[in-house]
Amino acid sequence: MEQIQSKAGQGRVADAPSGHWVYRALPRGLWPYAQLARWDRPIGWVLLLWPCWWSAAMAASAYARPGDSLMSLLPSPSFLVLFLIGAIAMRGAGCTYNDIVDEGIDAQVERTRSRPLPSGQVSRRQAWVFLVLQALVGLVVLLQFNSFAVLLGISSLAIVAIYPFMKRITNWPQFVLGLAFSWGALMGWAAEFGDIDGPAVLLYFGSIMWVIGYDTIYAHQDKEDDALVGVKSTARFFGENTKSWLVGLYGGALMLFATAFAIAQVPMPALAGLVAAGAHMIRQIAVLDIDDPDQCLRLFRSNGQVGWIIFIGLICGGAWVALKPLI
C-alpha cells in the first residue's frame, strides 16, 4: 500500500500512513470513502473528541463535596461512548464536506491532490451521499441527549458550513475551525446540566486557542502551496513569529482551562493535568521547526497526548474526592 493515489489508480493519500488497517480490512471499493472520512488519519476525531470528554469530566466533578460517590464524580460511560461515536461520524462528515468544497484547491496542492475527489476515485454525488449518511449517524447520537444539548449540537452546523470558505477570505480560518472543533466543550456540560454556565464557556474559549495553536503548526506543512493558490492561514500570517504566537495561544488556553476548573470547583488534582499539559506544549514550541513539514505533522499529532493528559487529570480529581476519606 505504498502507492500514492492518483487518477491512474488507487492507493493511499499522500499524507496518510501506509499499511493502515483501513486498507487491510476494507474492500478496495470502500477505500475512497474511508479516505473522505479520514478513517486512516484518526487524529482529527481524537482532537474533536477531547473538548467533549473534558467538558463531561469537568461537569461530573464540578462542585464536588465529601461523601459524593465515585461514580457520581466520574463522567457517564454512556456519554463518553456517545461522544466518541459522534466525534468519528461528524469529523468524517465535516472532512467530506470540506473536500467537496475544496476539490479545486486540493487538485493544485501536492499533499492533497491524491484525495478521493481530485484523484477521481469518487464523484461529487457519491461524496454528498456519504456525507448525509455520516450526518445521520451523528444525528442519532445527538438525539440521545437532553433537548437543550440537541439544539446546541444542531446549532454548531452553521459554523461547520462556513469553515471551508474562510481560508479564502481571512488569515484566521483556524479561528473558525476552533469554533467548530471546540463545540464539545459546551456539549459535555450541557449533557450533564441541561444548560451552559461559565466554566463551560471558559473551557470553550480555551479550547479555541488550543485549536488555533495546533492547527497553525499543521498549516505550516502547506504554506508554500497555499501562497501559490491564494489560500490564507494563521501559519502564513504568523510566519517567523509563529513561536511567539504559540506562547500566547497555548498560554491563554491553559489560563482559561484553569479558570474554568476553579469556577467549577473541580478538585485540585485536575490542575496537575494542566501543568503536565503545559510542559508538553512548551516542548512543542521549543522544538518546532516551521520549515520541516514532517516535524510539523508529528507535533500536530502529539496534541492527542495533551488531550489525554488533561482528561486524566480531571478523572483523578474526581476520584480523589471519593477515595480520600478511605486513605
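Residues numbered from 1 in each chain as written. Predicted model: local features only at pLDDT ≥ 70, side-chain atom pairs only at ≥ 80, totals over all residues. Heavy atoms only, no water.

When its secondary structure is counted, the protein shows 17 helices and zero strands. Relative to the compact-globule value of 20 Å for 327 residues, the protein shows a C-alpha radius of gyration of 20 Å, a close match. Considered along the principal axes of its C-alpha atoms, the protein spans approximately 65 × 45 × 35 Å. Here the protein holds 327 residues, and the buried ones make up 55% of them. (Helix = DSSP H or I, 4+ residues; strand = E, 2+ residues; numbered from the N terminus. Rg over C-alpha atoms; globule rule 2.2 N^0.38 Å. Buried < 20%, exposed > 50% of the residue type's maximum accessible area, 1.4 Å probe, protein only.)

Quick look at the packing of helix α14 (residues 242–263) against helix α15 (residues 269–287) now. Helix-helix packing is characterised by the crossing angle of the two axes and by the distance between the axes. For the pair α14 and α15, the least separation of the axes is 10 Å and the interaxial angle reads 175 degrees. Between α14 and α15, the angle falls in the class roughly antiparallel. Contact residues: Lys243, Leu246, Val247, Tyr250, Leu254, Phe257, Ala258 and Phe261 in α14; Ala270, Leu271, Leu274, Ala277, Gly278, Met281, Gln284, Ile285 and Ala286 in α15. Looking at the contact of α14 with α15, its residues break down into 14 nonpolar, two polar and one charged. (Axes fitted to C-alpha atoms, helices over the stretch in contact; angles between N-to-C directions. Parallel < 35°, antiparallel > 145°, perpendicular 65-115°, else oblique. Contact = heavy atoms within 4.5 Å. Nonpolar A, V, L, I, M, F, W, Y, C, P; charged D, E, K, R; others polar.)

So, on to the pattern of salt bridges. Considering all chains together, one arrives at eight salt bridges under this definition. Salt-bridge contacts for Glu103 lead to Arg124; the nearest nitrogen and oxygen are separated by 2.9 Å. In this pair, Glu103 sits in helix α5 (residues 103–106) while Arg124 sits in helix α6 (residues 124–142), placing the two residues 21 residues apart along the sequence. Residue classification places Glu103 among the partly exposed residues on the basis of a relative accessible area of 22%. (Salt bridge = Lys/Arg side-chain N within 4 Å of Asp/Glu carboxyl O.)

This part covers the confidence of the model for the protein. Predicted coordinates in areas of low pLDDT are best not read in detail. Residues at a pLDDT of 70 or more form 98% of the protein, whose mean pLDDT is 92. Across the protein, the secondary-structure element scoring lowest on mean pLDDT is helix α12 (residues 223–229), at 82, and the one scoring highest is α14, at 98. (pLDDT = per-residue confidence, 0-100.)

Considering all chains together, one arrives at 27 aromatic pairs under this definition. For the pair Trp172 and Trp245, a centre-to-centre distance of 5.5 Å together with 70 degrees between the ring planes defines the contact as edge-to-face. Pair noted here: Trp172 is in the loop between α8 (157–166) and α9 (173–181) and Trp245 is in helix α14, with a separation of 73 residues, a long-range link. Since its relative accessible area comes to 26%, Trp172 is described here as partly exposed. Ring geometry for Phe238 versus Trp245: centroids 4.2 Å apart, planes at 5 degrees, classification stacked. Under the relative-accessibility criterion, Phe238 is labelled buried at 3%. A connected cluster of aromatic rings, assembled from ring pairs, spans Trp54, Trp210, Tyr214, Tyr218, Phe257 and Phe300. (Phe/Tyr/Trp six-rings, centres within 6.5 Å; stacked < 30°, edge-to-face > 60°.)

Attention now goes to the packing of helix α4 (residues 77–101) against α8. Close contact between α4 and α8 brings their axes to 9 Å; oriented N to C, the two are set at 35 degrees. Both α4 and α8 take part in a crossing whose hand is right-handed. Each of Met90, Tyr97, Asn98 and Val101 in α4 lies in contact with α8, whose residues at this interface are Leu157, Val160, Ala161, Tyr163, Pro164 and Phe165. Tallied by class, residues from the contact of α4 with α8 come to nine nonpolar, one polar and no charged. (Left-handed = near helix turned anticlockwise from the far one by under 90°.)

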